[in-house]
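Here's the letter readout for the chains.
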Amino acid sequence: MAAILSSCNDKPATTNSTVTVKGEPVFPQGNRAPEQHFTGAVWLNNLVPADSVFDCMVGNVTFEPGARTKWHNHPAGQLLLVTEGEGYLQEKGGQRQTIRKGDVIKCMPGVEHWHGATPTTGLTHIVIMTNTGKGMVNWLQPVTDAEYGSQ
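These lines cover the structure that appears in this document, whether it is placed above or below. Everything numeric in this text was worked out from a predicted model, so none of it was measured.

### With respect to the overall build of the protein
When helices and strands are counted, the protein shows one helix and 13 strands. The helix and strand sequence of the protein, counted from the amino end, reads β-β-β-β-β-β-β-β-β-β-β-β-β-α. Buried positions account for 38% of the 151 residues belonging to the protein. Across the protein, the fraction of contacts at a sequence separation of at least 24, relative to all contacts at a separation of at least 6, is 70%. Accessible surface computed for the protein: about 8,000 Å², of which carbon and sulfur atoms make up 55%.

### Some words on the nonpolar core
One broad rule of soluble globular proteins: the nonpolar side chains tend to lie buried together. Membership of the largest hydrophobic core comes to 17 residues, with the highest contact counts inside it found for Val-42, Phe-63, Ile-99, Ile-105, Leu-123 and Val-127. The next biggest cluster of nonpolar side chains, apart from the first, holds five residues, and it includes Trp-71, Tyr-88, Trp-114 and Val-143.

### Things to note about the packing of aromatic side chains
All told, the structure shown has five aromatic pairs when counted by the stated rule. With a centroid separation of 6.5 Å and an interplanar angle of 80 degrees, the aromatic rings of Tyr-88 and Trp-114 are classed as edge-to-face. Of this pair, Tyr-88 sits in strand β8 (residues 78–91) while Trp-114 sits in strand β11 (residues 113–117), and the two are 26 residues apart along the sequence. This pair shows no difference in class: Tyr-88 is buried, exactly as Trp-114 is. A centroid spacing of 5.8 Å and a plane angle of 45 degrees characterise the contact between Trp-114 and Tyr-148, whose relative ring orientation is tilted.

### Let's talk about the pattern of salt bridges
With the rule as written, the count across this model stands at four salt bridges. Between Asp-145 and Arg-68 there is a salt bridge whose closest N-O contact spans 2.8 Å. Remark: Arg-68 occurs in strand β6 (residues 68–69) and Asp-145 occurs in helix α1 (residues 145–149); sequence separation between them is 77 residues. Judged by relative accessible area, which is 62%, Asp-145 ranks as exposed. When the shortest N-O distance is used, the salt bridge between Lys-92 and Glu-112 registers 3.8 Å. Pair noted here: Lys-92 is in the loop between β8 and β9 (97–100) and Glu-112 is in the loop between β10 (104–107) and β11, with a separation of 20 residues, a long-range link.

### Re the pairing of strand β5 (residues 56–63)
Burial of β5 is extensive: eight of the eight residues sit out of reach of the surface. With eight bridges connecting them, β5 and strand β12 (residues 123–130) associate as antiparallel partners. For Met-57, the partnering residue across the bridge sits in β12 and is Met-129.

### Looking at unusual backbone geometry
The phi dihedral of Asp-55 is positive, around 50 degrees, even though this residue is not glycine. Residue placement: Asp-55 occurs in the loop between β4 (42–48) and β5.

How each quantity is defined
- Residues numbered from 1 in each chain as written.
- Predicted model: local features only at pLDDT ≥ 70, side-chain atom pairs only at ≥ 80, totals over all residues.
- Heavy atoms only, no water.
- Helix = DSSP H or I, 4+ residues; strand = E, 2+ residues; numbered from the N terminus.
- Buried < 20%, exposed > 50% of the residue type's maximum accessible area, 1.4 Å probe, protein only.
- Contact = heavy atoms within 4.5 Å.
- Areas by Shrake-Rupley, 256 points an atom, 1.4 Å probe, with all protein chains shown as cover.
- Core = buried A, V, L, I, M, F, W, Y, C linked by side-chain atoms within 4.5 Å.
- Phe/Tyr/Trp six-rings, centres within 6.5 Å; stacked < 30°, edge-to-face > 60°.
- Salt bridge = Lys/Arg side-chain N within 4 Å of Asp/Glu carboxyl O.
- Pairing = 2+ DSSP bridges.

What follows is the structure, encoded as structure tokens:
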């Protein structure tokens, strides 16, 4: 199950959305992400490649408005640190949640989910894939327009 902040059933924490600081992003946008795993324009900047010492991968992912991942899961889980914008997160069989700058999300091992930007706002998050020796990502089917637009 995905959790925003500390546990699977917590509600998103209130963030200070009234203060917006515009400027240069913390990390460069990186390279266009593989189109076979996403709908829309997505960029990935691999900040820390997976290795046998740290056994994690850290990347900066930028979604243009309307862009999203395919359904997928992570054998060892995933952490998302939302650094800019607003987007959606949904687990298979669950309600779509809105995620915002400042949210920290735990995607539990093996739980099928997707995430991406809203139709009108881009989204940037840091992704941390833990225990990569167990596997990184199992990519599945695309998120349909109906799933993306559901409330």
